[in-house]
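Residues per chain are reported as follows:
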Amino acid sequence: MNAPLWPDDRRPARLNALPKLPVFVDLAGRSILVVGGSDGIAWKVELLAAAGGAVRILAEDPSPELRAVVRNDPKHLTLVQRTWREMDLAGVSVAIADIEDGQDAATFAEAARRRGALVNIVDQPAFCDFQFGTIVNRAPVIVSISTDGAAPILGQAIRRRIEAVLPSSLGAWAQAAKDFRDRLREIVPSKPGRRRFWERFVDGAFANGSQGRNLDGTLDRLAHEAGGEASARRGEVVIVGAGPGDPELLTLKAMRELQAADVIVYDRLVTPAILELARREARRVHVGKEGHSASCRQEDINALIVDLALAGECVVRLKGGDPAVFGRTGEEVAACRDAGVPVRIVPGITTASAAAASLNASLTHRDHAQRVQFITAHDRHGDLPENLNLAALADPQATTIVYMGRRTASKLATRMIESGLPPATPVVAISNVSRDDQENTHSTVKDVARGIPLPGAGPLIIAIGASVAAPPECPLHASSTFTARNGQRRFVSKSELSAPTLVGH
Ligand SMILES: C[S@@+](CC[C@H](N)C(=O)[O-])C[C@H]1O[C@@H](n2cnc3c(N)ncnc32)[C@H](O)[C@@H]1O
């Protein structure tokens, strides 16, 4: 006899002990008894009826909520206004009760078990044969979460997170798949072809949430593509906005695309925490450009994403902020179109929006900021662009947001003052927006023109205008500017500001 592959002491642990077995029970037509009239019971009753159970409720004093639930589903629900008796349990598969008194609860549980029913007494785990999980409903897809009573709030938090990553149309995709199985065998007789179909189906179900309307047609098309002789996968490029750095500022769509990607081609400003959220198997390719140097040329990036997509890969082109704001997205879209590669854009939160939010400020204001303008202070050589619209920049009723302005801030501010912008116009310069090391320095256009040091060493955005003035509790005055790091604020004297390092605290 061969020696066992794993001697007992080296056998890998197979499964940790489970406090409860998660199972999905078919309740269609089963008889269920529910005792109690509270709102909590109303929720359980609704759930049992939705799962097809025939539910009889005994309640001396049913809550208005419970009455409404019963009225809404007379097919599955009957309400009788009295207490329970032993004979009510005859033929019952599941017995649920809201009984506070421990002795009464024990009597009910014993009687129900004698009749072979599974028992649940609300909030009394000692008498429960089963518990209700917290559910995410994308029927026919159901996710049920249990913490075995350890922390129901944790269960709800997990549910919210799962809700966020499952598109609302997932149920429709799953139902369409159920109905399509026989037809799939006809269209795609081969097993590898059907595997290709299911891979595409999953990508589609997660990526095209809102496009899940004509699903029969979509599945038909996917099946023909997967079964066709030229069954090379059709790749695509999705240009996705990653926001300014905080992963919580990703959109749900962006999350889904990250989860569906084969390859992620990402910029320098995309943070590691965001890349962490991508599908583990996805290849990551860094194409970051450093400042105004051309370490990775745009033409090379265009060619790379097109080639990957033509090779059948699902490419996520991940960019900081919103791809539509100073992201060279137009060139990448054009390259894809020229090569016949399908391309889509998923917007992101641009740095200006996140910066305003972090200041509790608005970029517009009814009285003193009727326009917002996003400008770059950086031409292809890293200098201040020659063709600035100086009249627009001198508008005291506008909020001006300067991207890529670290090197040229002082020159830009000087030009703005020369063009007529009041020198006392408020300015806030913010580095590393939305990240742990965010730093803000409040000052004026005049201060920036004379070259005050700007905060941080990371990416920097500068907002100019009355709507981004320092908060009232920290008014700017003639001899100070105001700086904040990680929410810690302090005033900085002008003499300090002229020192080379302002915010090394
Ligand atoms: C090529 S632009 C990309 C802008 C991006 N598409 C957006 O919507 O925010 C890069 C510039 O955006 C700004 N930026 C991007 N992320 C930033 C952040 N987290 N904090 C401050 N500025 C940022 C900086 O001005 C940086 O030089």
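Residues numbered from 1 in each chain as written. Predicted model: local features only at pLDDT ≥ 70, side-chain atom pairs only at ≥ 80, totals over all residues. Heavy atoms only, no water.

**Regarding the packing of aromatic side chains**
Turning to step 1, where the next piece is worked out: Using the criterion set out here, one finds 10 aromatic pairs in the structure.
Turning to step 2, where the next piece is worked out: Measuring from ring centre to ring centre gives 4.9 Å for Trp84 and Phe108, while their planes differ by 90°; the resulting arrangement is edge-to-face. Remark: Phe108 occurs in helix α3 (residues 102–114) and Trp84 occurs in the loop between β3 (77–80) and β4 (94–97); sequence separation between them is 24 residues.
Turning to step 3, where the next piece is worked out: Exposure remark for Trp84: the relative accessible area of 23% places this residue in the partly exposed category.
Turning to step 4, where the next piece is worked out: The exposure class assigned to Phe108 is buried, which follows from its relative accessible area of 0%. (Phe/Tyr/Trp six-rings, centres within 6.5 Å; stacked < 30°, edge-to-face > 60°. Helix = DSSP H or I, 4+ residues; strand = E, 2+ residues; numbered from the N terminus. Buried < 20%, exposed > 50% of the residue type's maximum accessible area, 1.4 Å probe, protein only.)

**A closer look at the pattern of salt bridges**
Turning to step 1, where the next piece is worked out: Tallied over the entire structure, the rule returns 25 salt bridges.
Turning to step 2, where the next piece is worked out: Lys20 is the salt-bridge partner of Asp148, the closest N and O atoms lying 2.9 Å from each other. Placement of Asp148 in the loop between β7 (141–145) and α4 (152–165) and of Lys20 in the segment before β1 (31–35) is noted, with a sequence separation of 128 residues between them.
Turning to step 3, where the next piece is worked out: Taking the relative accessible area as the measure of exposure, Asp148 reaches 29% and is therefore partly exposed.
Turning to step 4, where the next piece is worked out: Taking the relative accessible area as the measure of exposure, Lys20 reaches 33% and is therefore partly exposed.
Turning to step 5, where the next piece is worked out: The residue Asp262 makes a salt bridge to Arg279 at a minimum N-O spacing of 3.2 Å. (Salt bridge = Lys/Arg side-chain N within 4 Å of Asp/Glu carboxyl O.)

**With respect to the nonpolar core**
Turning to step 1, where the next piece is worked out: The biggest cluster of nonpolar side chains holds 20 residues, and the ones touching the most others in it are Val402, Leu412, Ile462 and Ile464.
Turning to step 2, where the next piece is worked out: Elements with a contribution of two residues or more to this core: α14 (409–418), β15 (426–431), α15 (445–449) and β17 (460–464).
Turning to step 3, where the next piece is worked out: No other element matches the four residues that α14 contributes to this core.
Turning to step 4, where the next piece is worked out: Beyond its immediate stretch of four places on either side in the chain, Ile464 contacts Ala398, Thr399, Thr400, Val402, Met416, Leu421, Thr425, Pro426, Val427 and Val445. (Core = buried A, V, L, I, M, F, W, Y, C linked by side-chain atoms within 4.5 Å. Contact = heavy atoms within 4.5 Å.)

**Describing the UniProt feature "active site" (unreviewed entry) in the chain**
Turning to step 1, where the next piece is worked out: Cross-referencing UniProt, the feature "active site" (unreviewed entry) maps to Asp267 and Lys289 in the present numbering.
Turning to step 2, where the next piece is worked out: Note on placement: Asp267 falls in the loop between β9 (263–266) and α9 (272–275).
Turning to step 3, where the next piece is worked out: Here Asp267 falls in the buried class, since its relative accessible area comes to 17%.
Turning to step 4, where the next piece is worked out: What Asp267 contacts, discounting residues up to four positions off in sequence, is His286, Val287, Gly288, Arg317, Leu318, Lys319 and Gly320. (UniProt positions renumbered as here; feature names shortened; annotations may be inferred.)

**A word on the site of the ligand**
Turning to step 1, where the next piece is worked out: Not every one of the 18 residues close to the ligand is listed here, only the nearest: Val325, Thr350, Thr351, Met404 and Leu460.
Turning to step 2, where the next piece is worked out: Between the ligand and the protein, one listed contact pairs a nitrogen atom with a backbone N or O atom of Gly320 at 3.0 Å.
Turning to step 3, where the next piece is worked out: Note that a nitrogen atom of the ligand is positioned 2.8 Å from one of the backbone N or O atoms of Val433.
Turning to step 4, where the next piece is worked out: Relative to its unbound accessible area of 560 Å², the ligand is 89% covered by the protein chains.
Turning to step 5, where the next piece is worked out: Looking at the shell around the ligand residue by residue, the class counts come to 11 nonpolar, five polar and two charged.
Turning to step 6, where the next piece is worked out: Of the domains in this structure, domain 3 (236–349) and domain 4 (353–468) are the two that each give at least three residues to the shell around the ligand. (Near = heavy atom within 4 Å. Polar contact = N/O pair within 3.5 Å; in protein donor to acceptor, adjacent residues only side chain to side chain. Areas by Shrake-Rupley, 256 points an atom, 1.4 Å probe, with all protein chains shown as cover. Nonpolar A, V, L, I, M, F, W, Y, C, P; charged D, E, K, R; others polar. Domains from an automatic or database assignment.)

**Some words on empty space enclosed by the protein**
Turning to step 1, where the next piece is worked out: On inspection of all chains with the given rule, the structure shows three cavities of 30 Å³ or more.
Turning to step 2, where the next piece is worked out: Quantified by volume, the largest cavity comes out at close to 50 Å³.
Turning to step 3, where the next piece is worked out: Residue lining of the largest cavity: Val402, Ala409, Leu412, Ala413, Met416, Val427, Val445, Val448, Ile462 and Ile464, and that is the complete set.
Turning to step 4, where the next piece is worked out: Contributions of two or more residues to the lining of the largest cavity are made by α14, α15 and β17.
Turning to step 5, where the next piece is worked out: Here the lining of the largest cavity gets four residues from one element, more than from any other, and that element is α14.
Turning to step 6, where the next piece is worked out: Split by residue class, the lining of the largest cavity holds 10 nonpolar, no polar and no charged. (1 Å grid on protein atoms, 1.4 Å probe; cavity = no way out; pocket = protein on both sides within 12 Å on 5 of 7 lines; lining within 4 Å. Points joined across faces, edges and corners; volume = space filled by probe spheres on them.)

**A short note on the sheet that holds strand β10 (residues 283–286)**
Turning to step 1, where the next piece is worked out: Spatial ordering of the open sheet is given by β10-β9-β11-β8-β12, a layout of five strands whose pairing is parallel. Edge positions in the open sheet fall to β10 and β12 (343–346), since each of these has one partner strand only. Each neighbouring strand pair of the sheet contributes to a mean axis angle of 20°, computed without reference to strand direction.
Turning to step 2, where the next piece is worked out: Inspection of the sheet shows strand β8 (residues 236–241) paired to strand β11 (residues 314–319) by six bridges, in the parallel sense. (Pairing = 2+ DSSP bridges. Axes fitted to C-alpha atoms, helices over the stretch in contact; angles between N-to-C directions.)

**Re helix α11 (residues 329–339)**
Turning to step 1, where the next piece is worked out: All buried positions along α11 are accounted for by Thr329, Glu332, Val333, Ala335 and Cys336. Each buried residue of α11 sits inside an arc of 160° when the element is viewed along its axis, so together they form one side. Along α11, the residues that are exposed and aim more than 90 degrees away from the buried face are Gly330, Arg337 and Asp338.
Turning to step 2, where the next piece is worked out: Buried residues belonging to α11 abut β8, α10 (298–310), β11 and β12.
Turning to step 3, where the next piece is worked out: Immediately downstream of α11, the backbone of Gly340 shows phi near 75°, a positive value. (Arc of directions from axis to C-beta.)

**A short note on α14**
Turning to step 1, where the next piece is worked out: Where α14 is concerned, the buried positions are Ala409, Leu412, Ala413 and Met416. Projected down its long axis, α14 shows its buried positions confined to an angular sector of 95°, all on one face. α14 presents Lys411 and Glu418 as exposed residues on the side facing more than 90 degrees away from its buried surface.
Turning to step 2, where the next piece is worked out: Here the buried face of α14 lies against β13 (371–376), α13 (390–393), β14 (398–403), α15 and β17.
Turning to step 3, where the next piece is worked out: Directly beyond the C-terminal end of α14, a positive phi value near 120° is found at Gly420.

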